[in-house]
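Residue-level listing of the chains:
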Amino acid sequence: MNFNPFTDEHELLAQSVREFLNREVMPHAARWEKEEHCPREIFQRMGELGFFGVTYPEEVGGSGMDFWAAVTVARELSYANVGGLALSLFAHAYLPPPLLSAIGTPEQKENYLLPALRGEKIGSLAISEPGAGSDVGGIRTTAEDKGDHYVINGSKCWITNGTMADFLVLATRTGEGHNLTLFCFDTKTEGFSSSKIKDKLGMHSSDTAELFFDNCKVPKSAVIGHPGMGFYYIMNNFQEERLIGAVSGVFAAEYAYRKAVEYSRQREAFGRQIGKFQVIRHKLASMATRLEACRSLGYRAVYEFIETGPAAVGTISMAKAFIGEEIQVIIYDAIQILGGVGYTEEYGVARTYRDMRLFTIGGGTTEIMYEIISRLVVDQAQYSKQMMTSRDQAAVS
Ligand SMILES: Cc1cc2nc3c(=O)[nH]c(=O)nc-3n(C[C@H](O)[C@H](O)[C@H](O)COP(=O)(O)OP(=O)(O)OC[C@H]3O[C@@H](n4cnc5c(N)ncnc54)[C@H](O)[C@@H]3O)c2cc1C
């Protein structure tokens, strides 16, 4: 049985991503990490080369490939060990665009989605707030209906690409409970400001920001989908984000594992290669086993997502939780095998270690994934009802 999902077409795409990374990113990546800087030109170039649009329909400027194409781009970014840039690029390509592509108005597609896929405008998904991360239903930023427009007040926290963004897919409260409304928000709107969050543990070259909304007046045409349905749109959209995050983690762990194998063959101690010590061999064997378990679950989730869309929530949540935790062990062990040099920037794995720590937190914590999985196991009926696709939701409202 062939377990390799990548076709020749995917491999051609991989080759052009690799060439681009080697030519335009790798010579500067370490400096951008130090400077905590993500250059705008990289978005423009990725867009020009068509890397953002691989999975989107041709009508919106994409190339209409399957989801494995997104996995291919993620694989190459992870193998290049540029976690911060990868986070920014994927937060741009796979957080706001799926919503705009699925339920955006023609005007929103023309003015934001198409330019985003071309790399001309940068997008952010703005959900989390200082007081509400896991608890999406607890967000407090309000959008008040003023008849012919809305007025938005509040703040957001931890928003990737937040200081660079030209537009946001913004979650606001428009009523009690789960009554949230999404907006396609132009960051040129009066009353909007942002400030960069510095000194993160990892993902240094990714822009992370706090956003502030002070009486921001937005037209009704900025609403995405139906008013009040935002919570359900967000829950569905999370699936794509979590899946791409989970599989990126597998390839990042593979990068660290390969470095450890390479080093175990070179490094000698007590007159032998360290890879000849049984304890090191077993550690590598255990890392390889964990890696294969992660890859199997990650790929299975991709297959299911391609077949069923957001209804693959159970497997995607399992993949996000399992891979997020397991790769911590793999990367930790890789550093152990590298010894002192593992603790420096020389072998790259130190960067992988700090970047990948985010993967049990960002896009939904491991604990929240287990909440979702346990609901699925405990109350199947309730789960199926909640996880209707956004189009289904729109259709019944
Ligand atoms: C670098 C970075 C980039 C990010 N990018 C974005 C972005 O682009 N857009 C965006 O909207 N957000 C973004 N986030 C926010 C991210 O999604 C949240 O940090 C995450 O969802 C967790 O929320 P929190 O930090 O508020 O933690 P909390 O929700 O306060 O959780 C704290 C702890 O309590 C646990 N916990 C909470 N509720 C429960 C429960 N019911 N049961 C058990 N345990 C629970 C959590 O699992 C966690 O361990 C980013 C975060 C970071 C660090």
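Every value quoted in this text rests on a predicted model; they were computed, and no experiment measured them. (Residues numbered from 1 in each chain as written. Predicted model: local features only at pLDDT ≥ 70, side-chain atom pairs only at ≥ 80, totals over all residues.)

1. Let's talk about the overall build of the chain
To be explicit about the condition: Note on conventions: DSSP H or I runs of at least 4 residues are helices, E runs of at least 2 residues are strands, and numbering of each starts at the N terminus. Using C-alpha atoms as the atom set, the radius of gyration is obtained and then compared with a globule rule of 2.2 Å times the number of residues to the power 0.38. Each residue is represented by a C-beta atom placed from its backbone, and any two residues with such atoms within 7 Å are regarded as in contact.
Scanning the chain from terminus to terminus reveals 13 helices and 10 strands. The C-alpha radius of gyration computed for the chain amounts to 21 Å, which stays within 12% of the reference 21 Å derived for 397 residues, consistent with globular compactness. Judged by the C-alpha coordinates and their principal axes, the chain covers about 80 × 45 × 40 Å. Of the contacts formed within the chain by residues at least 6 apart in sequence, a portion of 74% connects residues at least 24 apart.

2. As for the packing of helix α7 (residues 230-266) against helix α9 (residues 313-338)
The criterion, for reference: In this description, a line fitted to the C-alpha atoms serves as the axis of each element, helices being fitted only across the stretch in contact, and the angle between N-to-C directions of two axes falls anywhere from 0 to 180 degrees. For classification purposes, angles smaller than 35 degrees are called roughly parallel, those larger than 145 roughly antiparallel, those between 65 and 115 roughly perpendicular, and all remaining angles oblique. Helix crossings are classified by the rotation of the near helix relative to the far one: an anticlockwise turn of less than a right angle makes the crossing left-handed, while a clockwise turn makes it right-handed.
Viewed as axis vectors pointing N to C, α7 and α9 meet at an angle of 20 degrees, and their least axial separation amounts to 8 Å. With respect to α9, the axis of α7 lies roughly parallel. Note that α7 runs across α9; the crossing there is left-handed.

3. Examining the site of the ligand
Which entries qualify depends on this criterion: All residues are tested the same way: a C-beta atom is placed from the backbone, and lying within 6 Å of a molecule or strand makes the residue near it. Charged means Asp, Glu, Lys or Arg here, nonpolar means Ala, Val, Leu, Ile, Met, Phe, Trp, Tyr, Cys or Pro, and polar covers whatever is left, Gly included. Domain borders in the structure are assigned automatically or taken from a domain database.
In the vicinity of the ligand there are 23 residues, among which Ile127, Gly133, Ser134, Thr365 and Glu367 approach most closely. Counting residues per element, the ones that place at least two in the shell around the ligand are β1 (123-126), β3 (149-160) and α11 (366-378). For the shell around the ligand, the per-class residue count stands at 10 nonpolar, 10 polar and three charged. Of the domains in this structure, domain 2 (123-230) and domain 3 (231-396) are the two that each give at least three residues to the shell around the ligand.

4. Re the packing of α7 against helix α8 (residues 278-308)
Contact geometry of α7 with α8 gives a least axis separation of 10 Å together with a crossing angle of 155 degrees. As judged from the angle between their axes, α7 and α8 are roughly antiparallel. Of the two elements, α7 crosses α8, and the hand of that crossing is left-handed. Residue-level contacts link Gln239, Leu243, Ala246, Val247, Val250, Ala253, Glu254, Tyr257, Ala260, Val261 and Ser264 of α7 to Ile280, Leu284, Met287, Ala288, Leu291, Cys294, Arg295, Gly298, Ala301, Val302 and Phe305 of α8. The residue inventory of the contact of α7 with α8, partitioned by class, reads 17 nonpolar, three polar and two charged.

5. A word on the environment of Gly191
One can find Gly191 in the loop between β5 (180-186) and β6 (192-196). On a C-alpha basis, the gap between Gly191 and Cys216 in space is 5.1 Å, while along the polypeptide they are 25 residues apart. Ignoring any residue separated from it by four or fewer positions in sequence, one finds Gly191 in contact with Phe213, Asp214, Asn215 and Cys216.

6. Here we look at helix α4 (residues 83-94)
Defined as follows: For a helix, the expected span equals 1.5 Å multiplied by the residue count minus one. Residues are called buried when their C-beta atom has 20 or more other C-beta atoms within 10 Å, exposed when it has 12 or fewer, and partly exposed otherwise; all C-beta atoms are positioned from the backbone.
Over its 12 residues, α4 runs 15 Å from end to end, which matches the ideal 16 Å to within 8%, given 1.5 Å per residue. Burial within α4 is extensive, with 12 of its 12 residues counted as buried. Every buried residue belonging to α4 is among Gly83, Gly84, Leu85, Ala86, Leu87, Ser88, Leu89, Phe90, Ala91, His92, Ala93 and Tyr94, and all of these are buried.

7. So, the domain arrangement of the chain
With domains assigned, the chain is organised as domain 1 (8-117), domain 2 (123-230) and domain 3 (231-396). Facing the 25 residues of domain 1 at the interface are 20 residues of domain 2. Of all elements in the fold, only α1 (8-35), α4, α5 (96-103) and α6 (106-117) reach the threshold of two or more residues within the side of domain 1 that touches domain 2. Ranked by residue count, the leading element in the side of domain 1 that touches domain 2 is α4, at seven residues.

8. So, the confidence of the model for the chain
For clarity, the cut-off: pLDDT gives the predictor's per-residue confidence on a scale running from 0 to 100.
In this model, the chain carries a mean pLDDT of 94, and residues with pLDDT of at least 70 account for 95%. Here residues 388-397 scores under 50 on pLDDT; set against residues more than four positions off or in separate chains, the count is 19 contacts.

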